[in-house]
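Read off the chains here:
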Amino acid sequence: MIKKLKLEDDDQRMADAMHMSSQEIWQAGLHAFAKAQEEGGKMFSMQVFEERVLRALSAIGVPTAAEVAQLQARVDELSAQLAALQASQAERSSAR
């Protein structure tokens, strides 16, 4: 009878430990879920803010990053053409 009681105590301890572990896991999951909701809300608010800023900048005529990149590419292209034209003219001048 003593052995049987000891076995039941071990089983009960194991069951209690499993119950405690499952509660801790559940609480950790709830905490992670709450944190994700909080961060998601912040990201949404930040995205809305950025969109409003972009609209305001567009309304006053500030170019977007893509427009600036296009302008830079065009300036680079024109600079290369100008350098080629100047080199061509320099060759003609020295050939005379």
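The rules behind each value
Residues numbered from 1 in each chain as written. Predicted model: local features only at pLDDT ≥ 70, side-chain atom pairs only at ≥ 80, totals over all residues. Heavy atoms only, no water. Helix = DSSP H or I, 4+ residues; strand = E, 2+ residues; numbered from the N terminus. Rg over C-alpha atoms; globule rule 2.2 N^0.38 Å. Buried < 20%, exposed > 50% of the residue type's maximum accessible area, 1.4 Å probe, protein only. Areas by Shrake-Rupley, 256 points an atom, 1.4 Å probe, with all protein chains shown as cover. Patch = residues over 30% accessible without salt bridge, like charges linked within 9 Å, V, L, I, M, F, W, Y side chains within 5 Å. Salt bridge = Lys/Arg side-chain N within 4 Å of Asp/Glu carboxyl O.

**Student:** Lay out the overall build of the protein chain with the relevant residues and their values.
**Tutor:** Helix and strand counts for the protein chain stand at two helices and zero strands. Computed over C-alpha atoms, the radius of gyration of the protein chain comes to 36 Å, more than 25% over the 12 Å expected from 2.2 N^0.38 for 96 residues, which places it beyond the range of a compact globule. For the protein chain, the C-alpha atoms occupy an extent of roughly 120 × 40 × 10 Å along the three principal directions. Here the protein chain holds 96 residues, and the buried ones make up 0% of them. For the protein chain, the computed accessible surface area is about 9000 Å², with 63% contributed by carbon and sulfur atoms.

**Student:** Please give an account of the environment of Gln 81 that cites residues and values.
**Tutor:** Mapped onto the secondary structure, Gln 81 falls in helix α2 (residues 65–95). By relative accessible area, Gln 81 is classed as partly exposed at 44%. It is 84 Å that separates the C-alpha atoms of Gln 81 and Arg 13, two residues lying 68 residues apart in sequence.

**Student:** Mind laying out a nonpolar patch on the surface, listing which residues take part and the relevant values?
**Tutor:** There is a patch of nonpolar side chains on the surface, built from Met 46, Phe 49, Val 53, Leu 54, Leu 57, Ile 60 and Val 62 and spanning about 650 Å² of accessible area. Within the secondary structure layout, Leu 57 lies in helix α1 (residues 2–59). Given the relative accessible area of 33%, Leu 57 is considered partly exposed.

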